[in-house]
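A closer look at the structure
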Amino acid sequence: MPTEKEKMLAGARYDPTDPELVADRERARELTERFNRTAAGEADERREVLDSLFGSIEGSCHVEPPFRCDYGYNVSVGDGFYANFDCVILDVCEVDVGAGCLLGPGVHVYTATHPLDPEPRAAGVESGEPVTVGDNVWVGGRAVLNPGVTVGDDAVIASGAVVTEDVPAGVVVGGNPAAVVRELE
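Residues numbered from 1 in each chain as written. Predicted model: local features only at pLDDT ≥ 70, side-chain atom pairs only at ≥ 80, totals over all residues. Heavy atoms only, no water.

Considerations on the environment of Cys61
Note the cut-off: By definition, any uninterrupted DSSP run of H or I lasting at least four residues is a helix, any uninterrupted run of E lasting at least two residues is a strand, and each is numbered from the N terminus. For each residue, the accessible area found with a 1.4 Å probe, counting protein chains only, is set against the maximum for its type, and the residue is called buried under 20%, exposed over 50%, and partly exposed in between. Two residues qualify as a contact provided that any one of their heavy atoms is within 4.5 Å of a heavy atom in the partner residue.
Examined against the element boundaries, Cys61 turns out to sit in strand 2 (residues 61-63). According to the relative accessible area criterion, Cys61 is buried, its value standing at 15%. Put simply, Cys61 and Ser76 are 15 residues apart on the chain and 11 Å apart in space, counted from C-alpha to C-alpha. Apart from the residues lying within four places of it in its own chain, the contact partners of Cys61 are Arg47, Leu50, Val77 and Phe81.

This is the structure in structure tokens:
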């Protein structure tokens, strides 16, 4: 029988009060608190914490505090990743962000979701769907990427957009729900 963590990582319904998952979230809280207390000139300390927190970092990475996440180990970022102030990643499933991606201030990335049926929702079960962001994507401030979306290479997500469906490569999307505003050359 799979563990609650195995269920979570597979995107199946799981119990978030499982002791292993609680301990993993506490570890992430401790690391993000440590990260968020760093001073502007402590780049080496910040990188050390992110290396411990994230599942993988390819090359350079810059995250402005404050930053929050559920587990951290489900987050993988490519070379040149940048996240501005107040970003949140709820990573119950994989969040894979490509190279050269920029997250504006207050961007939220959600993999966590809850049942639509009120009975299991009230019982506290959760599930998740991975989020994938291609290379050279710019996500504007206060945009939200919802569970299960894929954003194609070179796309731009306008500030405040709520992405509920996949975004093709090379387009600008905006609005709630986000829709293609124009194609990029």
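Examining the sheet that holds strand 18 (residues 171-174)
Stated precisely, the cut-off is as follows: Any two strands with at least two DSSP-identified bridges between them are counted as paired.
Pairing within the open sheet is mixed, and its seven strands lie in the order 2-5-8-13-16-18-19. Every interior strand has two partners, whereas the edge strands, strand 2 and strand 19 (179-183), have only one.

A closer look at the pairing of strand 18
Along any regular strand the residues' side chains alternate between the sheet's two faces. Of the two faces of strand 18, the one lined by Val171 and Val173 and the one lined by Val172 and Gly174 are each fully buried. For strand 16 (residues 156-157) and strand 18, the ladder comprises two bridges, and the chain directions are parallel. When the bridges of strand 18 are listed, Ile157 appears paired with Val173. Where strand 18 and strand 19 come together, four bridges link them in antiparallel fashion. Bridge pairing in strand 19 places Val173 opposite Val180.

Quick look at helix 2 (residues 19-36)
Selection criterion: Here, expected helix span is obtained from the residue count minus one, scaled by 1.5 Å. Taken from the helix axis, the directions to the C-beta atoms give the arc we talk about. We call two N or O atoms a polar contact when they sit within 3.5 Å, provided that within protein one can donate a hydrogen and the other can accept it, with sequence-adjacent residues counted only if both atoms are side-chain atoms.
An ideal rise of 1.5 Å per residue puts 26 Å on 18 residues; helix 2 measures up with 25 Å between its terminal C-alpha atoms. By the burial criterion, the buried members of helix 2 are Leu21, Asp24, Arg25, Ala28, Leu31, Thr32 and Phe35. The buried residues of helix 2 occupy one face: seen down the axis, they fall within an arc of 125°. Helix 2 presents Pro19 and Glu30 as exposed residues on the side facing more than 90 degrees away from its buried surface. Of the surrounding elements, those touching the buried residues of helix 2 are helix 1 (4-10), helix 3 (43-53), strand 2 and strand 3 (67-69). At the N-terminal boundary of helix 2, the capping side chain belongs to Asp18, with an oxygen 3.2 Å from the backbone nitrogen of Glu20.

As for the packing of helix 2 against helix 3
Stated formally: Where helices are involved, their axes are fitted lines through C-alpha atoms of the stretch in contact, as for all axes, and angles between N-to-C directions lie from 0 to 180°. Here the word oblique covers every angle except those under 35 degrees (roughly parallel), over 145 (roughly antiparallel) and from 65 to 115 (roughly perpendicular). Each crossing gets its hand from how the near helix is turned against the far one by less than a right angle, where anticlockwise is left-handed and clockwise is right-handed.
Two elements in contact, helix 2 and helix 3, have axes separated by 9 Å at closest approach and are oriented at 165°. Taken together, the axis directions place helix 2 and helix 3 in an arrangement best described as roughly antiparallel. In this structure, the crossing between helix 2 and helix 3 has a hand that is left-handed. Only Glu45, Arg46, Glu48, Val49, Leu50, Ser52 and Leu53 of helix 3 make contact with helix 2, whose side of the interface consists of Arg27, Ala28, Leu31, Thr32, Arg34 and Phe35.

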